[in-house]
Amino acid sequence: MLNFELVSPDKLLISKQATMVAIPGEDGRFSVLREHAPMIATLTHGTIRVYEGDAVVDRVFVEGGFTEVTAERCTVLADRATPVSELDPVALAHEIEELTETYKDSGEKELLFKALTVTKAKLEATQETM
């Protein structure tokens with residue numbers, strides 16, 4: 001088993017033993033098992049999946065950060081993290097509509113495009129099955 005910890009700026013979200021952790025890296029999604037080669041990676045927005053055996057037992061949406069991996073441990077320091085079970089698909093759909101309207105008329109297109117991309121990814125995370 002692998003020691004896994006997920007920390008956001010405001011709290012420790014997960015600290016447990018896991019078989020595998022799938023992580024959205026900036027250079028692509030990767031999985032960590034016990035005895036993984038040491039590494040540090042930057043995260044992008046996406047869902048972290050924590051496995052016990054073949055089953056996903058936790059899904060957390062992260063918005064950036066980084067991870068440190070050793071042979072026995074995987075630690076994620078997320079800029080923002082929300083358990084997928086706490087994401088509200090109706091509220092996210094409404095937020096996408098508002099962002100789309102704002103995006104059409106704004107000079108801040110780059111910032112709004114990023115917000116729209118992250119919000120759509122959150123909505124997609126709520127529709128995934130474990």
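Use the structure listed above.
Presented here is an overview of the structure given in this document. What you see is a predicted model, and the numbers here were worked out from it, not measured in a lab.

Calculation notes
Residues numbered from 1 in each chain as written. Predicted model: local features only at pLDDT ≥ 70, side-chain atom pairs only at ≥ 80, totals over all residues. Heavy atoms only, no water. Helix = DSSP H or I, 4+ residues; strand = E, 2+ residues; numbered from the N terminus. Buried < 20%, exposed > 50% of the residue type's maximum accessible area, 1.4 Å probe, protein only. Contact = heavy atoms within 4.5 Å. Salt bridge = Lys/Arg side-chain N within 4 Å of Asp/Glu carboxyl O. Polar contact = N/O pair within 3.5 Å; in protein donor to acceptor, adjacent residues only side chain to side chain. Expected span 1.5 Å × (residues − 1). Arc of directions from axis to C-beta. Axes fitted to C-alpha atoms, helices over the stretch in contact; angles between N-to-C directions. Parallel < 35°, antiparallel > 145°, perpendicular 65-115°, else oblique. Left-handed = near helix turned anticlockwise from the far one by under 90°. Nonpolar A, V, L, I, M, F, W, Y, C, P; charged D, E, K, R; others polar.

Section: the environment of Val69
Here Val69 shows up in strand β6 (residues 55–69). Residue Val69 is classed as buried on the basis of its relative accessible area, which comes to 1%. Remark: the alpha-carbon pair of Val69 and Leu33, spanning 36 residues in sequence, is separated by 9.5 Å. Apart from residues no more than four positions distant in its own chain, Val69 is found in contact with Val32, His36, Ala37, Pro38, Met39 and Cys74.

Things to note about the pattern of salt bridges
The tally for this structure, following the rule as stated, stands at seven salt bridges. Put simply, Glu52 and Lys16 hold a salt bridge, and the shortest N to O gap is 3.6 Å. Of this pair, Glu52 sits in strand β5 (residues 39–52) while Lys16 sits in strand β2 (residues 12–18); the two residues are 36 residues apart in sequence, bridging distant segments of the chain. Overall, Lys16 belongs to the partly exposed group, its relative accessible area being 25%. Here Glu63 and Arg80 are joined by a salt bridge, their closest N and O atoms 3.5 Å apart. Of the two residues, Glu63 is situated in strand β6 and Arg80 in the loop between β7 (73–78) and β8 (81–83); the sequence distance between them amounts to 17 residues.

Thoughts on the side chain of Ser8
As for its position among the elements, Ser8 is in the loop between β1 (2–7) and β2. On the basis of relative accessible area, Ser8 is assigned to the buried category, the value being 6%. Within the structure, Ser8 has its side chain in polar contact with the side chain of Asp10 (distance 2.6 Å). Residues within four places of Ser8 in sequence aside, it is in contact with Leu13, Ala78 and Ala81.

Brief notes about unusual backbone geometry
The phi dihedral of Glu35 is positive, around 75°, even though this residue is not glycine. When you line up the elements, Glu35 lands in the loop between β4 (28–33) and β5. Under the relative-accessibility criterion, Glu35 is labelled exposed at 55%.

Observations concerning helix α1 (residues 89–105)
For α1, spanning 17 residues, the distance from its first C-alpha to its last is 25 Å, which sits close to the expected 24 Å at 1.5 Å a residue. Among the residues of α1, Leu92, Ile96 and Leu99 are the ones counted as buried. Seen along its axis, α1 keeps its buried residues to an arc of 70°; they face one direction. Residues Val90, Glu97, Lys104 and Asp105 are exposed on α1 and point more than 90 degrees away from its buried face. Summarising the contacts, the buried residues of α1 are in contact with α2 (109–127).

Let's talk about the packing of α1 against α2
Running from N to C, α1 and α2 cross one another at 160°; their axes reach a closest spacing of 9 Å. Taken together, the axis directions place α1 and α2 in an arrangement best described as roughly antiparallel. Seen along the crossing, α1 lies across α2 with a hand that is left-handed. Along the contact surface, α1 presents Pro89, Leu92, Glu95, Ile96, Leu99, Thr100, Thr102, Tyr103 and Lys104, while α2 presents Lys109, Leu112, Phe113, Ala115, Leu116, Thr119, Lys120, Lys122, Leu123 and Thr126. Here the residues of the contact of α1 with α2 sort into ten nonpolar, four polar and five charged.

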